[in-house]
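Notes for the structure review
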Amino acid sequence: YAGQPGAAAAACPAGSYCPAAATAALACPASTGSPPASSRIGDCRSLAGYYGEPGVAASLCPAGAYCPAELDLYVACPANTTSPPGAERLAQCVALAGWFGAPGEAAAECPRDWYCPAGSASPVGCPANTLSAKGSDEVTDCKAAPGFHGLWGSDAVQCPAGFYCPQGVQRARPCPAFTTSPEDSREATDCQPLPGYFGTAGTAGSACLAHWYCEGGSNAPEECPANTNSPGGAHCRAQCTARAGFFGDDGEAAELCPAGSYCPSSSVRQRRCPDNTISAPGSAELSDCQAAPGYFGTAGELAEPCPKDYFCPGGGSKRKQCPPNTVSPVISSKLEDCRAVSGYYAPLGSAGRICPGGFFCPQNATVPLQCPDMTPLSPEGSTSASACKAREITPAPININWYTSRNADQNVKQSSEDTRLSFAEKLDAGFKEGFVQGSVALPVDGQWLLQLYVGGASYDKNAPSSQAWPTENAGVPDATDSIKMTFNGEEHTWTNAVQLQGKKTVVMQQIVGNVLNYRFDFKSSSTILRLHPLVSNGQITIVQDKNSLPSQTLPTGNVFGKCINGVDGKIVKPGDVVSNGGLPPGNIMKIPDGSPEVHLSLFLGSTLVITVPVNNGQFSISLPAGKYGVIATMAHFYAFYDEEFEVVAGQNSNLLAVLSPVLNPGMTRVVLVWGANPKDLDSYMSSTATDSLKPGCVVSYKKKKCDSWGISLDIDATRGYGPETISLGSIEPGGRYTYRINQFSGDKSNSRELLASGAKVTFYTSEFQKLFVVGQDGYINKNNWMVFVLDGTSGEVAPCTPLTCLLSDT
């Protein structure tokens, strides 16, 4: 209580305290209160909303706690709740933002897709199509769900096609260029390329190129099927249609448009060209249908048949006339269809050319057909083989044995002391006079050249007793001995003058007609056989017949050549000293100064074509193409003869006229010639004795002489053509001579080069000449040509056979 002394004391009011003797009530400390009649300061306790110890000023209850009255310490709100400062009651503890619960109770976390403002007794659901995280406390925490868009805290709407809406976007995001997406798309990768475009999901699309197609959503373009094409931006396989020149269903591989059809772009079926036109495989336009070969017309239109004597290659509107002298059937398509008319020929579709002489040309001939070998001559413009007539072979030189051709004789014999193959006529032993006469038929009526020689041996006491030429030891010859020669009534008299003894005197005379009548009258002062002069066998050659040269229109070829001595290989020309071959004496001869050049003639049969000018033994001339006979003559030489020498049009031909010097009595000679290749062919002559012990020998380039057999290699040619010559002295009775050719240069692994060499071998005697041709005579053994074998006893010269000539023998 409190009061003035002496006065009645009044009860102490609430909110104060009155100690004893208090004259007035004392106010409690701040934010405290006391009940009425409180006597102590300790009765002052904290007010509700405050806390503190008794008698001390109280503190405001903090947020997140509550303070009932008279509380020394505040009480914390339940978990996840809070309260305002000065809270007095538990009920003032409400849920924190993002939490919910009843006041005064512990709060729970606001669940997903809800929001809980502070003080929420229960969660509030997010607007439609929005989502929120756990513990959300505001409506703006509710954001659009994936595939939706809208303002935060508002209802979200569906993401439209062509856009994508990640979670929480307020505005839909557009897909990249040339891509699209379905509704509700959530990510950029939901944006796929539009049809006609391709690319990675979520990036801008690239336009599909021509020849490809891109269905919607393509990561990469798809190539159109084979032989189809598409426009740029194609979006399906069906847009791949056949390329120009192909056909087929859309979207399927196309086939090549066949020949005779055309296929524009996108053709499902091929289209047939108009009649009589054709097209190449893969044609695309109607204009590709061109006139077929044998027809003509405008491209893409019906073509007409090519008329007779024209040709139509096709592909054009024009027809072409055949060249002159050619014709063609209807529907001819090429120049080669224009064939020559009869009597003409047309090579390679050119104008018809008149059929040359020696050929015949039936209709359609592309080349002139040569007349058969047996009937090689025909006039110009011949149309059939019936026009071909037999061609005369140029008559070969004829060797005349005066004795065997005689029709009368007296005291004359055929002398052959030295050989089986070389003969001469002379007075018989024991007589001083005699004659021989006869007649020789000539194969052609014309002009001929006769050549022979006469001579008497000179005395040499040291000469072998068996030798009759060119020296003898039987005595001194009489210079008055003579031989009178009469040929077709023309006389020649030779006397055995001293200066002529041991030498050959050549006699040459022109003979006209087709008969040679001859007579030889011999006179001698001696009866000794070896002192009697002799007459050699004769040789007569054609000069020309009585026919005129037929006209020739053939193209020409060039002939180059030279006249060669068959013994030493030197050019034959007047004034030269030349070898006569063989062994001395008598092997040297001079062609007299001022003598005519070699007389070289070419013949068709026996008809003279031309006498070729020869200058210092060489010549060149241009001649119509064809086959000619060739004869070359010169005093002191046997005639050169080639039955068939060919002149080729437009080419150079080489003619080597090899003349062999007239043989001495008892001698023989072998001459080899050939073409340019092989460069070196070698002659081998082997000799063996069949009935004696005489050693044999082999003459070749390795050993050029064999004196015991009288054999010598006169010339060894190593640069092609020849000549290569072997001379033989007296033929040994009982001897056997084998002659072969060996290919020394070139390809020797087979016989092809040897067979192609054109090699020819001529065997010369005063009685005859015999020709052997490679591939026709003898036989081939690898790179050897086995040519002939000579029997020394019989004098027979025969081609080799594998039985008569062994390679090991040579």
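Residues numbered from 1 in each chain as written. Predicted model: local features only at pLDDT ≥ 70, side-chain atom pairs only at ≥ 80, totals over all residues. Heavy atoms only, no water.

Concerning the layout of surface pockets
The gaps of empty space that remain are located by a probe, the size of a water molecule, rolled over the atoms. Put simply, the largest pocket is a space of about 1100 Å³. Forming the walls of the largest pocket are 32 residues, and the residues nearest its centre are Phe-640, Tyr-641, Asp-642, Glu-644 and Lys-760. Elements supplying a minimum of two residues to the lining of the largest pocket: strand S64 (640–647), strand S65 (652–659), strand S66 (668–673), strand S73 (760–764) and strand S74 (769–773). Counting residues per element, the lining of the largest pocket draws most heavily on S64, at 7 residues. Partitioning the lining of the largest pocket into residue classes produces 16 nonpolar, 10 polar and 6 charged. (1 Å grid on protein atoms, 1.4 Å probe; cavity = no way out; pocket = protein on both sides within 12 Å on 5 of 7 lines; lining within 4 Å. Points joined across faces, edges and corners; volume = space filled by probe spheres on them. Helix = DSSP H or I, 4+ residues; strand = E, 2+ residues; numbered from the N terminus. Nonpolar A, V, L, I, M, F, W, Y, C, P; charged D, E, K, R; others polar.)

Notes on the nonpolar core
Counting 29 residues, the largest nonpolar core has Met-685, Tyr-739, Val-761, Trp-785 and Phe-788 as the members making the most contacts within it. Listed by contribution, the elements that provide at least two residues to this core are S66, strand S67 (681–689), strand S68 (697–699), strand S70 (711–715), strand S71 (724–728), strand S72 (735–743), S73 and strand S76 (784–791). Per element, the largest residue contribution to this core is 4 residues, and it comes from S76. Ignoring any residue separated from it by four or fewer positions in sequence, one finds Met-685 in contact with Val-670, Cys-697, Val-698, Val-699, Ile-711, Ile-726, Leu-728, Tyr-737, Thr-738, Tyr-739 and Phe-788. (Core = buried A, V, L, I, M, F, W, Y, C linked by side-chain atoms within 4.5 Å. Buried < 20%, exposed > 50% of the residue type's maximum accessible area, 1.4 Å probe, protein only. Contact = heavy atoms within 4.5 Å.)

Some words on the side chain of Ser-132
Relative to the helices and strands, Ser-132 is located in the loop between strand S15 (130–131) and strand S16 (143–144). In terms of polar contacts, Ser-132 uses its side chain to reach the backbone amide nitrogen of Asp-113, at 2.9 Å. Separated by 2.7 Å, the side chain of Ser-132 and the backbone oxygen of Trp-114 make a polar contact. Look past the residues within four positions of Ser-132 in its chain and what remains in contact with it is Pro-111, Arg-112, Asp-113, Trp-114, Cys-126, Asp-141 and Cys-142. (Polar contact = N/O pair within 3.5 Å; in protein donor to acceptor, adjacent residues only side chain to side chain.)

Some thoughts on unusual backbone geometry
Cis geometry marks the peptide bond from Asn-677 to Pro-678; its omega dihedral reads -5°. Along the polypeptide, Pro-678 turns up in the loop between S66 and S67. Omega for the bond connecting Gly-722 with Pro-723 falls within 30 degrees of zero, at 0°, which places this linkage in the cis form. One non-glycine residue, Ser-31, adopts positive backbone phi at about 60°. Positionally, Ser-31 belongs in the loop between strand S2 (26–27) and strand S3 (32–33). Here the phi dihedral of Asn-276 falls at roughly 65°; this positive angle occurs in a residue that is not glycine. Mapped onto the fold, Asn-276 is located in the loop between strand S32 (271–272) and strand S33 (277–278).

Let's talk about the packing of aromatic side chains
For the structure shown, the criterion picks out 14 aromatic pairs. Arranged with centres 6.1 Å apart and planes meeting at 40°, the rings of Trp-402 and Phe-487 form a pair that is tilted. With Trp-402 in the loop between strand S45 (398–400) and strand S46 (406–410) and Phe-487 in strand S52 (residues 482–487), this residue pair connects regions lying 85 residues apart in the sequence. There is no split in this pair, since Trp-402 and Phe-487 are both buried. Put simply, the rings of Tyr-739, Phe-763, Phe-768, Phe-772 and Phe-788 touch in pairs and so form one group of aromatic residues. (Phe/Tyr/Trp six-rings, centres within 6.5 Å; stacked < 30°, edge-to-face > 60°.)

What about the sheet that holds strand S57 (residues 556–565)?
In a beta sheet, neighbouring strands pair by backbone hydrogen bonds and run either parallel or antiparallel. An order of S62-S57-S65 is seen for the 3 strands of this open sheet, with the pairing classed as mixed. Each end of this open sheet is capped by a strand with a single partner; those strands are strand S62 (618–624) and S65. Taking the axes of each pair of neighbouring strands and ignoring which way they run, one obtains an average angle of 25° across the sheet. Pairing analysis gives 8 bridges linking S57 to S65, with the strands arranged parallel. Note that in S65 the partner of Phe-560 across the bridge is Asn-654. (Pairing = 2+ DSSP bridges. Axes fitted to C-alpha atoms, helices over the stretch in contact; angles between N-to-C directions.)

Topic: the pattern of salt bridges
Taken as a whole and assessed by the stated rule, the structure comprises 13 salt bridges. In this structure, Lys-308 engages Asp-309 in a salt bridge whose closest nitrogen and oxygen atoms are separated by 3.4 Å. Judged by its relative accessible area of 24%, Asp-309 is partly exposed. Where Lys-334 meets Asp-337, a salt bridge forms, and the shortest distance between an N and an O atom there is 3.2 Å. Under the relative-accessibility criterion, Lys-334 is labelled partly exposed at 41%. (Salt bridge = Lys/Arg side-chain N within 4 Å of Asp/Glu carboxyl O.)

Side note on the side chain of Thr-32
The residue Thr-32 is located in strand S3 in this model. Relative accessible area serves as the criterion here: at 9%, Thr-32 is assigned to the buried category. Looking at Thr-32, its side chain comes within polar contact range of the main-chain oxygen of Pro-29, at 2.3 Å.

With respect to the state of the cysteines
Overall, the coordinates contain 18 disulfides when judged by the stated rule. Between the sulfur of Cys-12 and that of Cys-18 lies a disulfide, 2.0 Å long from S to S. Between Cys-12 and Cys-18, the S-S dihedral sits near 80°, and the bridge is therefore right-handed. Here Cys-12 matches Cys-18 in class, with each residue buried. Residue Cys-159 pairs covalently with Cys-165 via a disulfide, S to S 2.0 Å. One quick way to see it: the torsion about the S-S bond of Cys-159 and Cys-165 is about 80°, and its sign makes the bridge right-handed. Looking at Cys-165, the relative accessible area reads 0%, which means it is buried. Here Cys-236 stays free of any disulfide, with the sulfur of Cys-240 as its closest cysteine sulfur at 7.9 Å. (Disulfide = S-S within 2.5 Å.)

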